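One-letter residues, chain by chain:
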Amino acid sequence: MVPGLTASNAFMSDQDSEVLTVEYFSMINLSVKEKNQTMCDRKNNAIILFCLIFAGGNACSQSTVKTSLPFKKHTLTTEFVSEGVAIGDINKDGKIDVMAGPFWFEAPTWKRHEITTGKPFDPAKEYSTSFLNFSMDVNLDEWTDLIIVGFPGTSGVWYENPKNSEGHWQKHIISDTVGIGNESPNFIDVDGDGRKDILCADSKAKQIVWLRAPTTKGSTTWERIPISEINAPGTDRFSHGLGLGDINKDGRKDIIIKSGWWEAPVDRTKPNWTFHSADLGEDCSHMHVLDADQDGLNDVLSASAHKYGIWWHQQVKDASGNIAWKRHEISKNISQTHSSNLIDINGDGHPDLITGKRFFAHNDTDTDPGTHDPAVLAWFEFKPGTNPSWKQHEVDNNSGAGLNFIAEDITNDGQIDIVISNKKGVYVFENKMKKKSR
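(A) Up close: the sheet that holds strand β13 (residues 207–212). Read across the open sheet, the four strands follow the order β11-β12-β13-β14; overall the sheet is antiparallel. In this open sheet, the two strands that pair with only one neighbour each are β11 (180–188) and β14 (223–226). Within this sheet the neighbouring strands show an average axis-to-axis angle of 25 degrees, counted without direction. For β13 and β14, the ladder comprises four bridges, and the chain directions are antiparallel. The residue bridging R212 from the neighbouring strand is E223, located in β14.

(B) Just the confidence of the model for the chain, in detail. Averaged over every residue, the pLDDT of the chain is 88; the share at 70 or more is 83%. Low pLDDT (under 50) marks residues 1–67, which in the prediction has 86 contacts with non-local residues, meaning those over four places away or in another chain.

(C) Here's a closer look at the nonpolar core. Residues V98 and I418 are the most contacted members of the largest nonpolar core, which totals 30 residues. Contributing elements (two or more residues each) for this core: β2 (71–77), β4 (97–100), β5 (103–106), β25 (377–383), β27 (406–408), β28 (417–422) and β29 (425–431). Looking at this core, the element that brings in the most residues is β29, giving four residues. Sequence-distant contacts of V98, defined by excluding residues within four places in its chain, comprise L76, V85, A86, I87, F103, W104, F105, W110, V419, V426 and V428. The next biggest cluster of nonpolar side chains, apart from the first, holds 19 residues, and it includes L132, V138, I174 and A213.

(D) Highlighting the side chain of S421. Structurally, S421 can be placed in strand β28. Owing to a relative accessible area of 0%, S421 belongs among the buried residues under this scheme. Side-chain polar atoms of S421 contact the backbone oxygen of S82, separated by 2.8 Å. In this view, S421 contacts S82, E83, G84, V85, A100, G402 and V426; residues no more than four positions away in its chain are not counted.

(E) Summary view of the pairing of strand β9 (residues 157–160). Pairing of strand β8 (residues 145–149) with β9, which is carried by three bridges, proceeds in the antiparallel orientation. If you follow I147 over to β9, its bridge partner there is W158. The pairing of β9 with strand β10 (residues 170–173) spans four bridges and is classified as antiparallel. Of the residues in β10, the one forming a bridge with E160 is Q170.

What counts, and at which threshold
Residues numbered from 1 in each chain as written. Predicted model: local features only at pLDDT ≥ 70, side-chain atom pairs only at ≥ 80, totals over all residues. Heavy atoms only, no water. Pairing = 2+ DSSP bridges. Helix = DSSP H or I, 4+ residues; strand = E, 2+ residues; numbered from the N terminus. Axes fitted to C-alpha atoms, helices over the stretch in contact; angles between N-to-C directions. pLDDT = per-residue confidence, 0-100. Contact = heavy atoms within 4.5 Å. Core = buried A, V, L, I, M, F, W, Y, C linked by side-chain atoms within 4.5 Å. Buried < 20%, exposed > 50% of the residue type's maximum accessible area, 1.4 Å probe, protein only. Polar contact = N/O pair within 3.5 Å; in protein donor to acceptor, adjacent residues only side chain to side chain.

See the structure below:
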């Protein structure tokens, strides 16, 4: 297991230099599994640390990455228990708790409780049984439950909140006939009814589907709704890239993969949505839709799942109305950006991109480039316009992100916080930034 700090946030200081000092020396206390980090990397880290502590950060002006020191890091555990994370007020005490695989962590002290029998995994050699986590009141009993998507192609499960009773949570299979495939399932409201759904591939049937959660109190039945034909692209258990957004601005959110998009009908439960082929780049993680250049046409954001690269794909039309896509590079600073969120994190009215490195995505191997790079978590400050820009701000360099993470206000102070779980552990990053005026 990668060494690190214990489940406490007492090490955090209000002074930026002390925060950096603790985080730096935590990072250089490397395990055998991280032995391949070069001495050059360590030298560069030491130079950056010296500049930030003794020169107030002004001596390293050559850096193109701005460190977001206002994020306060809370370490819930340094054990690898899950690559997904979810949140919710589990015990109805008015505070937002964190769930990661078999455990939930009670705010504000982050005391660990078992949801089911769990154990730490070896981040260098193993995958967990918890790849993505989502939370919702599945059975409409007014208590927050946990949804877990495991290894790609396996059935999803959900655990029923025991309403403050002792013992493990009851486990339910979402569908034993659906193998949840594509490595970037979305937990999102597909049909606009106010309840989130699971958007994924059914890798057994080779179809893109969405799974509708129970709509009747006490029900435990999920409805499988296919939108593509059989043998559709993006439906392998290890396919990459999936998202939901209104590509053609008809007011309905379409389903996007890297090789095209399915046009949403008025009734989202109808099968065989119309597919439009498109080149939306390489294998990626979650895909997002926005009008980046403010030309009236919606564009697509994507980030490489196992290599370097974050891009925006510009939608362009010719005089006849034919659509083409032009790819623009945003960054190649972070490898294995296997999850992302699009949300306004600094309060300036523009949605920013948050992403991070999925540390040891393919274990301690050289399968992916940048495997042994620092586990960076970052947000990209978005400025729309004819030439849109994304300025990278580093949140942390010893955590990264998992297969999904949370970007929500969990401290009820009006600021967007970040919660992650991956092979480095489980962390909460409390947003201390001053909001920008619009």
